[in-house]
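Descriptive analysis of the structure
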Amino acid sequence: MSTLVEVFDDADALATAVAGELLARIVAAQRSGHVPHIGLTGGSVADRIHHALGEHGPVSDVDWSRVDFWWGDERFVPADSPDRNAGQARRAFLDHVGVDPERVHEVPPTDHAATVDDAASAYARELREHGSGAFEVLMLGIGPDGHVASLFPGHPALEVTDAVTVAVHDSPKPPPARVSLTFEALNRSRAVWLVVSGEEKAEAVARALAPEGDVRETPARGVTGLPASDDSPAAEVVFFLDRAAASHL
Ligand SMILES: O=C(O)[C@H](O)[C@@H](O)[C@H](O)[C@H](O)COP(=O)(O)O
């Protein structure tokens, strides 16, 4: 795993840079004959990135019909809830750039799953049946407590190794019911991008980047991407930070 830290003046500059880099990665993957699978996330930084994708995506060289989108986590709420990570991304760019609807893989909302456990099982099945084996790029926000996706400090979901999804019933970040990819699934990534803004994250970022630390206390330490193999290098892990989030480094 190679870890890079890129610092930007503010959240808007960070979002514009991440969106530009993501578009370039998608184009590069498509030009090499792949259909890239991208992992999206929720939160305020992600929303800025999605809006930047909505602005620059239509004039990019991306063939939007040949890219798959997934979510690292999702809230178990109705499909039209403003709390849905997928709804946030759809409003900001996905519904405006011409994606193939079959290639947008949402976690089932409460309209389509009886329980959050059913939604987690259904998403695991979707990943098994339509996943590509690895995310080209996985984006993740980091919470003030060091959580990523819906993997929170000290939570049993951190210990799940025999499944790619987990139902979270008691998220300390509302809403309480969520489906998250596990580290098992999150680490099937060629590139992991942590996108973080704000002073309130600075301590968690410093813990995530410290030479030593406990994943159970700082789940952001647990997403390292794919290890090196005979035919591919170890995943890159890039922290895209604004100055405030980088202020404790
Ligand atoms: O569903 C969620 O809430 C997110 O996936 C969560 O992991 C988020 O990315 C972080 O909490 C950072 O959120 P902010 O960028 O809003 O601080």
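As the structure is a prediction and not an experimental result, all values here were calculated from the model. (Residues numbered from 1 in each chain as written. Predicted model: local features only at pLDDT ≥ 70, side-chain atom pairs only at ≥ 80, totals over all residues. Heavy atoms only, no water.)

Some remarks on the sheet that holds strand β6 (residues 165–168)
Through backbone hydrogen bonds, the strands of a sheet pair up, either in parallel or in antiparallel fashion. Here is the rule: When DSSP finds at least two bridges between two strands, those strands are taken to pair. What counts as a helix is a DSSP run of H or I of at least four residues, what counts as a strand is a run of E of at least two, and both are numbered from the N terminus. Under this scheme, a helix contributes an axis fitted over its contacting stretch, all axes are lines through C-alpha atoms, and angles between N-to-C directions fall in the 0 to 180 degree range.
If you walk across this open sheet you meet the three strands as β4-β7-β6, and the pairing is antiparallel. Strands with a single pairing partner mark the edges of an open sheet, and in this sheet they are β4 (73–75) and β6. When strand polarity is set aside, the average angle formed by the axes of neighbouring strands in this sheet is 15°. Taken together, the four bridges between β6 and strand β7 (residues 178–181) define a ladder with antiparallel strand orientation. Opposite V168, over in β7, you have R178 as the bridge partner.

Comments concerning the UniProt feature "domain: Glucosamine/galactosamine-6-phosphate isomerase" (unreviewed entry) in the chain
As a reminder, the rule being used: UniProt positions are given in the numbering used here, feature names are shortened, and annotations may be inferred rather than shown by experiment.
When the UniProt feature table is mapped to this numbering, "domain: Glucosamine/galactosamine-6-phosphate isomerase" (unreviewed entry) covers residues 10–224. Summarising residues 10–224: 32% helix, 13% strand, and an end-to-end C-alpha distance of 25 Å.

Thoughts on the sheet that holds strand β2 (residues 37–40)
Pairing in this open sheet of six strands is parallel, and the strands run β1-β9-β8-β5-β2-β3 from one edge to the other. With one partner strand each, in any of the chains shown, β1 (2–8) and β3 (68–71) form the two edges of the open sheet. Averaged over neighbouring strand pairs, the angle between their axes works out to 20° when direction is ignored. The pairing of β1 with strand β9 (residues 236–242) spans seven bridges and is classified as parallel.

Observations concerning the pattern of salt bridges
Operational definition: One speaks of a salt bridge when a side-chain nitrogen belonging to Lys or Arg is within 4 Å of a carboxyl oxygen belonging to Asp or Glu.
All told, the structure shown has 15 salt bridges when counted by the stated rule. When the shortest N-O distance is used, the salt bridge between E21 and R25 registers 3.0 Å. Of this pair, E21 and R25 both sit in helix α1 (residues 11–31), four residues apart, which is roughly one turn of the helix. Taken together, the shared-partner salt bridges in this structure form one network comprising E74, R84, R90, D95 and E106.

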